[in-house]
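Working through the structure, step by step
If you want the building blocks of each chain, they are given just below.
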Amino acid sequence: NETLMRDAERWLRGEFSTKTDARSALGVRTIIDDDNVYDHLKLMAKFVRLGGYAGLFITLDELVNLYKLGSSQARSANYEQILRILNDSLQGSCEGLAILMGGTPEFLSDPRRGLFSYQALASRLGDNAFASSTLVDNTGPVIKLKNLTPEDLYILLERLRHVFAYGDPTKYLVPNEALESFMRHCSKKIGDSYFRTPRTTIKAFLDFLAILEQNPAQWNELIEQSNITKDQGPIDVAAEEEDDGLATIRI
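Scoring rules and cut-offs
- Residues numbered from 1 in each chain as written.
- Predicted model: local features only at pLDDT ≥ 70, side-chain atom pairs only at ≥ 80, totals over all residues.
- Heavy atoms only, no water.
- Helix = DSSP H or I, 4+ residues; strand = E, 2+ residues; numbered from the N terminus.
- Rg over C-alpha atoms; globule rule 2.2 N^0.38 Å.
- Salt bridge = Lys/Arg side-chain N within 4 Å of Asp/Glu carboxyl O.
- Buried < 20%, exposed > 50% of the residue type's maximum accessible area, 1.4 Å probe, protein only.
- Contact = heavy atoms within 4.5 Å.
- Axes fitted to C-alpha atoms, helices over the stretch in contact; angles between N-to-C directions.
- Parallel < 35°, antiparallel > 145°, perpendicular 65-115°, else oblique.
- Left-handed = near helix turned anticlockwise from the far one by under 90°.
- Nonpolar A, V, L, I, M, F, W, Y, C, P; charged D, E, K, R; others polar.
- Lys, Arg positive; Asp, Glu negative; His and termini not counted.

Next up on the list: the overall build of the protein. Counting secondary structure elements, the protein contains 12 helices and 2 strands. Sequence-ordered secondary structure for the protein, helices as α and strands as β, is α-α-α-β-α-α-β-α-α-α-α-α-α-α. The C-alpha radius of gyration computed for the protein amounts to 24 Å, which surpasses the reference 18 Å derived for 251 residues by more than 25%, pointing to a less compact arrangement than a globule. In terms of overall dimensions, the protein has C-alpha extents of about 65 × 65 × 45 Å along its principal axes.

With that out of the way, let us pick up the pattern of salt bridges. It is possible for side chains bearing opposite charge to pair when their charged atoms get close. For the structure on display, the rule yields 7 salt bridges. Between Asp7 and Arg10 there is a salt bridge, and its shortest N-O distance comes to 3.7 Å. Highlighted residues: Asp7 and Arg10, both in helix 1 (residues 2–12), separated by 3 residues, approximately one helical turn. Residue Asp7 is classed as buried on the basis of its relative accessible area of 13%. Since its relative accessible area comes to 30%, Arg10 is described here as partly exposed.

Right, let's talk about the environment of Ala178 for a bit. Within the secondary structure, Ala178 is located in helix 9 (residues 176–190). You can call Ala178 buried: its relative accessible area is 1%. Taking the C-alpha atoms as reference points, Ala178 and Ala120, separated by 58 residues in sequence, lie 50 Å from one another. In contact with Ala178, other than residues within four places in its own chain, are Trp219 and Ile223.

Attention shifts here to the packing of helix 8 (residues 150–164) against helix 9. Relative to each other, helix 8 and helix 9 sit at 130°, their axes nearing to 10 Å. Relative to helix 9, the element helix 8 lies oblique. Judged by the twist between their axes, the crossing of helix 8 over helix 9 is right-handed. The segment helix 8 lies against helix 9, with Pro150, Leu153, Tyr154, Leu157, Glu158 and Arg161 engaging Asn176, Leu179, Glu180, Phe182 and Met183. The residue makeup of the contact of helix 8 with helix 9, split by class, is 7 nonpolar, 1 polar and 3 charged.

As a packed pair, helix 1 and helix 2 (residues 19–26) sit with axes 10 Å apart at the nearest point and diverge in direction by 150°. The element helix 1 and its partner helix 2 pack so that their crossing is left-handed. When helix 1 is examined against helix 2, the residues Leu4, Asp7, Ala8 and Trp11 are found in contact with a partner set consisting of Ala22, Ala25 and Leu26.

Turning to unusual backbone geometry, a few remarks are in order. Of note, Glu62 is a non-glycine position whose phi angle comes to about 55°, a positive value. The residue Glu62 is located in the loop between strand 1 (56–60) and helix 4 (64–67) in this model. What makes Glu62 partly exposed here is its relative accessible area of 41%. Phi at Tyr166 takes a positive value of approximately 55°, unusual for a residue other than glycine. Tracing the backbone shows Tyr166 in the loop between helix 8 and helix 9.

This part takes up the side chain of Arg161. Within the secondary structure, Arg161 sits in helix 8. In this structure, Arg161 is buried with no salt-bridge partner, the nearest side chain bearing the opposite charge being Glu158 at 4.5 Å. Apart from residues no more than four positions distant in its own chain, Arg161 is found in contact with Tyr172, Val174, Pro175, Asn176, Leu179, Phe205 and Leu209.

Structure follows, in structure tokens:
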């Protein structure tokens, strides 16, 4: 029954907007919406385990967008859901479900807008008291990723070059000397940002390889012509839409 199958998929994707439509199509009395989506993810995890899999792995990236919400009420509502997910994970009540969340350091530790502004999360996500710059604990709920070093970025550029050549070293478009020259050029243009926040550097390098692949150009001349600007990053919280406990002062 193709129609029934499509309707079931629509229900699982949360595409029914009203319970009446869902009942008419499938005979069910509930739909997946913002209030119960996490409960249904747990149900989905049980479903995939019945299908023979070890469980369901979910990735939630760019959670900095919660940090950027102007409404403190909206942020709190989202942080309450994160607290619920964290409690279930730590207490073992969501078997077969793993959730990986990705965000910026500000999203985690900002005391006014980040997760640490929610006291219950701050107490659960705080650093290990015995951890330090040399002693790392990777068993806790938070794993902090270190910034790349120039050496890390060099290796990354090597691998990008390798992928661009379909894994054939004989098809490399530039020698190792070009990688060093490209990094020096980036350093002159944007300073340490070229390896600490390398999004712009990586895109510029791939654009560089694309031009060389399609045009008869000298790599050293092309590098000097490139205009690389600093990545401003995804965070812009200059304006608040709601009261955050701060007064507006005009002089």
